[in-house]
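What the coordinates show
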Amino acid sequence: MNARWLLPGILALALLLRLAAGLSQDHLSAYERVGGDSWVYLDIGYNLMTGYDYSEVAIPMAPLYPVLTGIAQRLFDREAAIIVVRVLQALLGTAICFFAYRLARLIAGQRAGLMAAGVLAVSPVFVLESAQILTETIYVFLLLAGLWVYCEGIAIRVTPLVSSHRVPVGKVVIAAILLGLATLTRAPLLLFPLGLVLHLLLVYGWRRGLQRAALLLAIYGLVVSTWTAVNWFKWNRVVIGAEGFAAFLYIGATDWQGPSQVDVNLAQDAGVEGALPSNPDAQEQLYGQAASSVIGRDVGGWLSRRVNELTSAYLMPHGTLFFPGESLRDLALDWLRDDRTPTGLLRLMQGEGFWPKLALYVLHYAALLLGLVGMWRTRRYWRLTLPLIGLILYTSLIHFVLDAIPRYLFPLEAVFWVLAACAVFYRRPDAIHANSATIETVPQTEH
């Protein structure tokens with residue numbers, strides 16, 4: 001195939017796979033209240049669109065995705081609403097492949113971009129995730145879009161093809177809007193732009209960097225504050241990003257044993273007798289008190305628990321629950337411990353869901369290992385890669401403190417694949433190569 005048709009072909013394949021995965025589902029099952037978060041997003045979204053009073057009830061998530069599902073439910077019947085959301089997510093999932101292509105191409109060239117897009121296009125977890133009524137697809141879309149726009153602006157500064165005083169401020173504005181919308185999708189991203197402030201100071205110097213950092217924070221804060229304003233004027237509550245940070249801190253400090261047991265433990269750890277308060281502000285305060293009590297009793301145990309949980313979340317690929325059958329990891333460990341025979345290995349390989357789960361493991365560990373290699377190999381162009389590496393470090397730190405499960409770390413896999421592609425096809429970026437110069441030769445003085 002001609003090289004110029006490779007990217008359109010990859011994107012077409014990505015869209016077809018995602019539409020097939022989404023449209024083949026039982027759409028009404030998303031409304032069933034049988035575990036998972038899908039029905040919660042749908043329920044809260046519908047309530048928000050129909051004027052439900054949340055003055056005395058917490059909304060345990062950022063608002064953008066529930067609002068999206070609520071709009072779909074107001075415009076269409078129940079089944080059609082899910083179809084519309086899944087078609088939209090198929091389009092957004094395809095766009096994720098495009099943004100990964102542009103990021104990898106920016107850092108390491110055309111072949112790296114095509115590899116990043118190709119892997120994400122066919123990766124089972126990215127294909128199947130687009131069919132879920134969950135936040136991951138729209139969050140990764142907004143996150144990669146924001147990082148791409150931001151890094152495109154930085155690339156103009158660190159390449160000698162364009163004079164550094166011509167840096168388009170508009171890219172900072174667009175990146176801030178996209179990252180603000182990402183935070184309104186998944187609130188733990190809230191403080192990430194502070195890391196970009198430091199990055200801007202490193203790239204542009206003190207004066208210009210501070211100007212752009214102030215603009216980034218102002219636009220970002222304006223976007224995020226829209227939800228704060230809604231909560232204040234409608235329900236007289238102060239909410240920044242989302243509610244529930246204290247709850248995730250408490251859950252991360254204890255062992256998850258189901259929602260009912262969490263309430264029992266919460267009452268005990270916070271010293272509450274009788275029923276727990278229903279007011280959202282009082283609940284948040286109670287979770288904070290309980291978390292402080294649990295951590296203060298055994299700081300060492302808390303640190304050990306957090307290290308173990310974060311490590312386990314990284315080592316377990318997201319998406320294995322999409323497939324039936326027992327845990328592949330548990331079956332493999334049982335075979336290593338109790339069997340170790342070719343017959344037992346054959347039975348393991350013939351088990352339900354073995355091959356798709358194996359593909360998830362292979363792709364997940366390939367992304368992690370090659371991504372780490374990519375961080376090192378592209379170190380010369382740290383001005384372009386530091387926002388990606390910073391996002392990985394920031395998310396890891398946030399979920400070291402808060403609750404950590406594979407689903408919460410899944411959005412990082414797209415970033416790891418961008419860096420992994422840069423490791424495999426590393427070379428000097430196209431623009432820099434064409435000018436036969438390096439980033440280090442760009443003057444860092446003010447103009």
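Refer to the structure printed above.
Remember, predicted model here, so these are calculated numbers, not experimental data. (Residues numbered from 1 in each chain as written. Predicted model: local features only at pLDDT ≥ 70, side-chain atom pairs only at ≥ 80, totals over all residues. Heavy atoms only, no water.)

Digging into the environment of I389
Structurally, the position occupied by I389 is in helix α18 (residues 382-401). I389 sits in the buried class, given a relative accessible area of 16%. Remark: the alpha-carbon pair of I389 and V415, spanning 26 residues in sequence, is separated by 8.4 Å. For I389, the contacting residues outside a window of four places in its chain are M375 and L419. (Helix = DSSP H or I, 4+ residues; strand = E, 2+ residues; numbered from the N terminus. Buried < 20%, exposed > 50% of the residue type's maximum accessible area, 1.4 Å probe, protein only. Contact = heavy atoms within 4.5 Å.)

Considerations on helix α8 (residues 169-183)
Along an α-helix, a turn takes 3.6 residues, which lines up residues three or four apart on a common side. Under the 1.5 Å per step criterion, the end-to-end length of α8 is 21 Å for 15 residues, consistent within 8% with the ideal 21 Å. Within α8, the full set of buried residues consists of V172, A175, A176, L178, L179, G180, A182 and T183. (Expected span 1.5 Å × (residues − 1).)

Description of the packing of helix α9 (residues 192-204) against helix α10 (residues 206-235)
Here α9 crosses α10 at 155°, and the two axes come no closer than 7 Å. On the basis of their axis angle, the class for α9 and α10 is roughly antiparallel. The element α9 and its partner α10 pack so that their crossing is right-handed. Contacts between α9 and α10 involve P193, L194, L196, V197, L200, L201 and Y204 on the former and, on the latter, W206, R208, G209, L210, R212, A213, L216, L217 and Y220. Residue composition of the contact of α9 with α10, by class: 13 nonpolar, one polar and two charged. (Axes fitted to C-alpha atoms, helices over the stretch in contact; angles between N-to-C directions. Parallel < 35°, antiparallel > 145°, perpendicular 65-115°, else oblique. Left-handed = near helix turned anticlockwise from the far one by under 90°. Nonpolar A, V, L, I, M, F, W, Y, C, P; charged D, E, K, R; others polar.)

Regarding the packing of aromatic side chains
All told, the structure shown has 15 aromatic pairs when counted by the stated rule. Ring geometry for F98 against W148: centres 5.9 Å apart, planes inclined by 80°, an arrangement best described as edge-to-face. Here the residue F98 occupies a position in helix α4 (residues 78-108), and W148 occupies one in helix α7 (residues 136-158), the gap between them amounting to 50 residues. In this structure F98 comes out as partly exposed when scored by relative accessible area, which is 25%. Given the relative accessible area of 18%, W148 is considered buried. Residues F99 and F141 carry aromatic rings whose centres are separated by 5.6 Å and whose planes lie at 45° to one another, so their mutual orientation is tilted. Residue F99 is located in helix α4, and its partner F141 is located in helix α7; the two are separated by 42 residues in the primary sequence. (Phe/Tyr/Trp six-rings, centres within 6.5 Å; stacked < 30°, edge-to-face > 60°.)

Regarding unusual backbone geometry
Phi is mostly negative for residues that are not glycine, and the peptide bonds are mostly trans. At N236, a position not held by glycine, the phi torsion is positive, near 55°. On the secondary structure map, N236 appears in the loop between α10 and α11 (245-253).

What to know about the pattern of salt bridges
Applying the stated criterion across every chain, the model contains seven salt bridges. A salt bridge links D37 to R407; the shortest N-O distance between them is 2.8 Å. Separated by 370 residues along the polypeptide, D37 in the loop between α1 (6-23) and α2 (38-49) and R407 in helix α19 (residues 406-409) bring together distant segments of the chain. Here D37 falls in the partly exposed class, since its relative accessible area comes to 32%. Taking relative accessible area as the criterion, R407 reaches 13% and is therefore assigned buried. Put simply, R237 and E243 hold a salt bridge, and the shortest N to O gap is 3.0 Å. Across the pair, exposure class does not vary: R237 and E243 are buried alike. Here the salt bridges share partners, and the residues they tie into one network are D37, E136, R186 and R407. (Salt bridge = Lys/Arg side-chain N within 4 Å of Asp/Glu carboxyl O.)

Looking at the side chain of H399
Among the structural elements, H399 can be located in helix α18. A polar contact of 2.8 Å, which involves the side chain of H399, links it to the backbone oxygen of D403. Leave out the neighbours within four places in its chain, and H399 touches P188, R306, L310, A404, Y408 and L409. (Polar contact = N/O pair within 3.5 Å; in protein donor to acceptor, adjacent residues only side chain to side chain.)

Observations regarding the packing of helix α14 (residues 299-315) against α18
At a minimum axis separation of 9 Å, α14 and α18 run at an interaxial angle of 130°. Relative to α18, the element α14 lies oblique. Relative to α18, the crossing made by α14 is right-handed. Contacts between α14 and α18 pair W302, L303, R306, V307, L310 and Y314 from the former with I392, S396, H399, F400 and V401 from the latter.

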